[in-house]
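Descriptive analysis of the structure
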Amino acid sequence: MTNHVKLTPVKPSIPPLESGSSLSRTEFERRYEAMSEHTKAELIEGIVYIASPVRFEHHAEPHGQLIVWMGMYQLSTPGVKLGIEPTIRLDEDNEPQPDGVLLIDPLAGGSAEITEDDYLQGAPEFVAEIAASSAAYDLHDKKRAYRRNGVAEYLVWQQFENRLYWFVLTDSEYVALEPDADGTIRSRIMPGLWLATDALLQGNMQQVLAVLQAGLNSDEHQAFVHQLAQRLA
């Protein structure tokens, strides 16, 4: 008499994410979901980047300062949403997690959508990143991906050189916004989002927030808030 042994099929193991791997977005997400919840990874131009441990003075602290500035704007601008390190499905080769984003509510005509599984799909209007240096991919591959996918404004705070770049999408190219005579850069896509660049680079957050408040009190910001309210009505 022959004994038949029932074999249980073995599920194939999911390979781990590794920096430098070339993956499709679908495969990137499959492997990412199997990783530890503490893992932070991005797919940029089809290449996997896994985040290193975060330094305090060269990332965590400036990140917090940017989020305070962006958060004050969002609180005063109904119809604009703020996200911290959201996963963004830009295209089939790019799924970044930027340090911060401001986006117009999709119901008010924003260019990004919130998917059923609670990710962003498409290009937020404003993206901010903390970059270690001029060699960081934030100023190269990631910048190209944001430009190609229509991110209207892109701010990069370069830490080791302590420089700030604010790009605006003009005729499908990024053009650097320059401070005016009093050292303030004014957003073109988020009216009233004003930044005292020298004050930020010097760590003077009181001045940064004072200049932002002037932007929030401006006629252009009030008109923008009114416009958003009409779209959401």
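Per chain, residue numbering runs from 1 following the sequence as it is written. Given that this is a predicted model, residues contribute local features only at a pLDDT of at least 70 and side-chain atom pairs are listed and counted only at 80 or more, while totals for whole chains, interfaces and linings are drawn from all residues. Values shown for side chains rest on all heavy atoms present in the structure; no hydrogens or waters enter the calculation.

1. Observations concerning the overall build of the protein
- Helix and strand counts for the protein stand at six helices and 13 strands.
- For the protein, the spread of C-alpha atoms along the three principal axes comes to 90 × 45 × 30 Å.
- Relative accessibility thresholds used throughout: buried, under 20% of the residue-type maximum; exposed, over 50%; partly exposed, between the two (1.4 Å probe, protein chains only). A buried classification covers 47% of the 233 residues belonging to the protein.
- Contact criterion: two residues are considered in contact whenever any of their non-hydrogen atoms come within 4.5 Å of each other. Sequence-distant contacts in the protein: of pairs separated by 6 or more residues, those separated by 24 or more amount to 56%.
- Areas reported as accessible are Shrake-Rupley estimates using a 1.4 Å probe. Residue values count occlusion only from the protein chains shown. Summed over all atoms, the accessible surface of the protein reaches about 12,400 Å², with 51% contributed by carbon and sulfur. Elements are defined by DSSP. Helices are runs of H or I of four residues or more, strands are runs of E of two residues or more, and each kind is numbered from the N terminus.

2. Quick word on helix H3 (residues 141–149)
- All of the buried residues along H3 are Lys 142, Ala 145 and Tyr 146. Viewed end-on, H3 has its buried residues packed into an arc of 95 degrees, placing them on one side of the element.
- Along its buried surface, H3 packs onto strand S1 (41–44), strand S8 (126–131), strand S9 (153–158) and strand S11 (173–176).
- A positive backbone phi angle near 90 degrees is found at Gly 150, which sits one or two residues after H3. Taking the helix axis as origin, the arc is that swept by the directions to the C-beta atoms.

3. Some remarks on the packing of helix H2 (residues 56–75) against helix H5 (residues 205–216)
- Two elements in contact, H2 and H5, have axes whose closest approach is 10 Å; the angle formed by their N-to-C orientations is 20 degrees. Classed by the angle they form, the pair H2 and H5 counts as roughly parallel. The two elements H2 and H5 meet at a crossing, and its hand is right-handed. Two secondary-structure elements touch here, H2 through Gln 65, Val 68, Trp 69, Met 72 and Tyr 73 and H5 through Met 205, Val 208, Leu 209, Leu 212 and Leu 216.
- Gly falls in the polar group here, along with every residue not listed as nonpolar (Ala, Val, Leu, Ile, Met, Phe, Trp, Tyr, Cys, Pro) or charged (Asp, Glu, Lys, Arg). Split by residue class, the contact of H2 with H5 holds nine nonpolar, one polar and no charged. Inter-axis angles, ranging from 0 to 180 degrees, are taken between N-to-C directions of lines fitted to C-alpha atoms, where helices are fitted over the stretch in contact. Working definition: roughly parallel below 35 degrees, roughly antiparallel above 145 degrees, roughly perpendicular at 65 to 115 degrees, and oblique for all remaining angles. Left-handed is the label given to a crossing in which the near helix is rotated counterclockwise from the far helix by less than a right angle, and right-handed is the label when the rotation is clockwise.

4. Describing the nonpolar core
- The nonpolar core is taken to be a set of buried Ala, Val, Leu, Ile, Met, Phe, Trp, Tyr and Cys residues, with the residues joined through side-chain atoms within 4.5 Å. Judged by nonpolar contacts, the single largest core of 33 residues is most densely connected at Trp 69, Tyr 73, Phe 126, Leu 155, Trp 166 and Leu 193.
- Here Leu 193 is in contact with Trp 69, Tyr 73, Leu 102, Phe 126, Trp 166, Ile 185, Arg 186, Ser 187 and Leu 212, once residues within four sequence places are set aside.
- Of all hydrophobic cores here, the second largest spans 18 residues; its members include Val 101, Leu 103, Val 127 and Tyr 154.

5. Structural notes on the side chain of Glu 125
- Positionally, Glu 125 belongs in the loop between strand S7 (120–121) and S8.
- Note that His is not counted, nor are the chain ends; the positive residues are Lys and Arg, and the negative ones are Asp and Glu. Any carboxyl oxygen of Asp or Glu that lies within 4 Å of a side-chain nitrogen of Lys or Arg is treated as forming a salt bridge with it. Buried and without a salt bridge, Glu 125 has Arg 231 as its closest oppositely charged side chain, separated by 7.6 Å.
- In protein, a polar contact requires one atom able to donate a hydrogen and another able to accept it; more generally it is a pair of N or O atoms within 3.5 Å, and residues adjacent in sequence count only if both atoms are side-chain atoms. Among the polar contacts listed, one links the side chain of Glu 125 to the backbone nitrogen of Ile 104, at a separation of 2.9 Å.
- Excluding residues within four positions of it along the chain, Glu 125 makes contact with Leu 102, Leu 103, Ile 104, Gly 110, Ser 111, Val 151, Ala 152, Glu 153, Ile 189 and Met 190.

6. Side note on the packing of aromatic side chains
- By convention, a stacked pair of Phe, Tyr or Trp rings (six-membered ring in the case of Trp) has centres within 6.5 Å and planes under 30 degrees apart, an edge-to-face pair has planes over 60 apart, and any other such pair is tilted. The final tally for this structure, using the stated rule, is nine aromatic pairs.
- For the pair Trp 69 and Phe 126, a centre-to-centre distance of 6.2 Å together with 65 degrees between the ring planes defines the contact as edge-to-face. Residue Trp 69 is located in helix H2, and its partner Phe 126 is located in strand S8; the two are separated by 57 residues in the primary sequence.
- Exposure remark for Trp 69: the relative accessible area of 1% places this residue in the buried category.
- Phe 126 gets classed as buried once you look at its relative accessible area, which sits at 0%.
- For the pair Tyr 165 and Phe 167, a centre-to-centre distance of 6.0 Å together with 0 degrees between the ring planes defines the contact as stacked. Neither Tyr 165 nor Phe 167 differs from the other in exposure class; each is buried.

7. Side note on the sheet that holds S7
- Paired strands, in this sense, are two strands between which DSSP finds at least two bridges. Ordered by their spatial adjacency, three strands build an open sheet running S4-S7-S6, and the pairing between neighbours is mixed. The open sheet is flanked by strand S4 (88–89) and strand S6 (113–114), the only strands paired with a single partner.
- The pairing of S6 with S7 spans two bridges and is antiparallel. Bridging across to S7, Ile 114 finds its partner in Leu 120.

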